[in-house]
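As a plain string of letters, each chain reads:
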Amino acid sequence: MLDNFKNLLSEKRQELAEKLSNREEIAIERSSDALDSVQRSAEREYAISSLDRDWQTLKDIDLALERMEDGEYGTCQRCEEEISPKRLKAIPWAAYCITCQEKIDRERRNYREEFVLSDAA
Ligand SMILES: [Zn+2]
């Protein structure tokens, strides 16, 4: 069971690492272009945000692998309940149970909204 997840995580890690190293080259190529159109900067923004997401996932995978070493894999890092196998199958690097994840997402959204609002003022 755990070996399965370990393989899944390693494969995904490999895939992301390759994707990210390819994308870095694209980013450099683009930024050297002086004639930057609006569309191109929008494209770059999109590329950067998905780059961020991939980096985040890569980090999450590393943490999940660490938890595996520590025998903590599959335990919610917030409430210490077990993460459901269904959730782990969908997101093998999940660090939180679904309840905590929803709370965290909500907190982050609130934080972002506050930040954006105060920034605009
Ligand atoms: Zn939890």
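Residues numbered from 1 in each chain as written. Predicted model: local features only at pLDDT ≥ 70, side-chain atom pairs only at ≥ 80, totals over all residues. Heavy atoms only, no water.

1. Topic: the overall build of the chain
Spelled out, the test is: Per the convention used, a helix needs a DSSP run of H or I reaching at least four residues, while a strand needs a run of E reaching at least two, with both numbered from the N terminus. Exposure is judged per residue with a 1.4 Å probe applied to protein chains only, and the accessible area is read against the type maximum: over 50% gives exposed, under 20% gives buried, and values in between give partly exposed. Contacts between residues were defined by any pair of non-hydrogen atoms, one from each residue, lying within 4.5 Å.
Helix and strand counts for the chain come out as 4 helices and 0 strands. When the helices and strands of the chain are read in sequence order from the N terminus, they spell out α-α-α-α. Considering the chain as a whole, with its 121 residues, one finds that 24% of them fall into the buried category. Of the contacts made within the chain by residues no fewer than 6 positions apart, 57% connect residues no fewer than 24 positions apart.

2. Some details on the coordination of the zinc ion
Quick reminder of the rule: Metal donors: N, O and S atoms at distances within 2.8 Å, or within 3.2 Å for Na, K and Ca, with water omitted from the atom set so that some sites may seem incomplete. Working rule for geometry: tetrahedral if four donors all subtend angles between 85 and 135 degrees; square planar for four, octahedral for six, if opposite donors exceed 155 degrees and the others stay between 65 and 115; irregular in every other situation.
Listed as protein donors to the zinc ion are Cys 76 (SG), Cys 79 (SG), Cys 97 (SG) and Cys 100 (SG); their distances from the metal cover 2.3 Å. Taken together, the 4 donor atoms coordinating the zinc ion and their angles of 105 to 118° define a geometry best described as tetrahedral. Read in sequence order, the donor residues coordinating the zinc ion give the pattern C-x2-C-x17-C-x2-C. With Cys 79 in the loop between helix 2 (38–69) and helix 3 (85–90) and Cys 100 in helix 4 (residues 98–120), the pair connects residues that are 21 residues apart, well separated along the chain.

3. Describing a nonpolar patch on the surface
We count it as follows: Excluding any residue in a salt bridge, patches collect residues exceeding 30% relative accessible area, merging like charges within 9 Å and nonpolar Val, Leu, Ile, Met, Phe, Trp and Tyr side chains within 5 Å. For accessible areas, the Shrake-Rupley method is used with a probe of radius 1.4 Å. Any residue's cover is judged against the shown protein chains and nothing else. Whenever a carboxyl oxygen of Asp or Glu lies within 4 Å of a side-chain nitrogen of Lys or Arg, that contact is scored as a salt bridge.
On the surface, Tyr 111, Phe 115 and Val 116 cluster together to form a nonpolar patch covering roughly 350 Å² of accessible area. Checked against the element boundaries, Val 116 lands in helix 4.

4. What to know about the packing of aromatic side chains
Quick reminder of the rule: Note on ring pairs: Phe, Tyr and Trp rings are taken, using the six-membered ring of Trp, and paired if centres are within 6.5 Å. Classes follow the plane angle, with under 30 degrees stacked, over 60 edge-to-face and the rest tilted.
If you walk through the whole model with that rule in mind, you get 1 aromatic pair. Ring centres of Phe 5 and Tyr 73 lie 5.7 Å apart, and the angle between their planes is 50°; on these two criteria the pair is classed as tilted. Highlighted residues: Phe 5 in helix 1 (residues 2–31) and Tyr 73 in the loop between helix 2 and helix 3, separated in sequence by 68 residues. On the basis of relative accessibility, which here comes to 10%, the residue Tyr 73 falls in the buried class.

5. Remarks on the nonpolar core
Across soluble globular proteins, you tend to see nonpolar side chains buried next to one another. Applied cut-off: Joining through side-chain atoms within 4.5 Å is the link that ties buried Ala, Val, Leu, Ile, Met, Phe, Trp, Tyr and Cys residues into a set, and such a set is a nonpolar core. All domain edges in this entry derive from an automatic or database-based domain assignment.
Of all hydrophobic cores here, the largest spans 18 residues; its most connected members are Leu 9, Ile 61, Met 68, Tyr 73 and Leu 88. Contributing elements (two or more residues each) for this core: helix 1 and helix 2. In terms of residues, this core owes the most to one element, helix 2, which gives 6 residues. Residue assignment places this core across two domains, with domain 1 (1–73) and domain 2 (75–121) each supplying three or more. Residues contacting Leu 88, with those up to four places away along its chain left out, are Phe 5, Tyr 73, Gly 74, Ile 83 and Ala 94.

6. Points about a negative patch on the surface
Note the following rule: In this count, Lys and Arg are taken as positive residues and Asp and Glu as negative ones, while His and the chain termini are left out. A charged residue contributes its charge at one atom only: NZ of Lys, CZ of Arg, CG of Asp or CD of Glu.
A contiguous patch of negative charge, built from Glu 66, Asp 70, Glu 72, Glu 80, Glu 81 and Glu 82, is present on the exposed surface. In this structure, Asp 70 sits in the loop between helix 2 and helix 3. Judged by its relative accessible area of 55%, Asp 70 falls in the exposed class.

7. Considerations on the pattern of salt bridges
Taken as a whole, this structure holds 5 salt bridges when the rule is applied. Glu 69 serves as the salt-bridge partner of Lys 6, at 3.6 Å between the closest nitrogen and oxygen. Taken together, the positions of Lys 6 in helix 1 and Glu 69 in helix 2 put the pair 63 residues apart, joining distant regions of the chain. One salt bridge connects Asp 54 with Lys 19, and the closest N-O pair in it is separated by 3.4 Å. Taken as a pair, Asp 54 in helix 2 and Lys 19 in helix 1 lie far apart in primary sequence, 35 residues in all.

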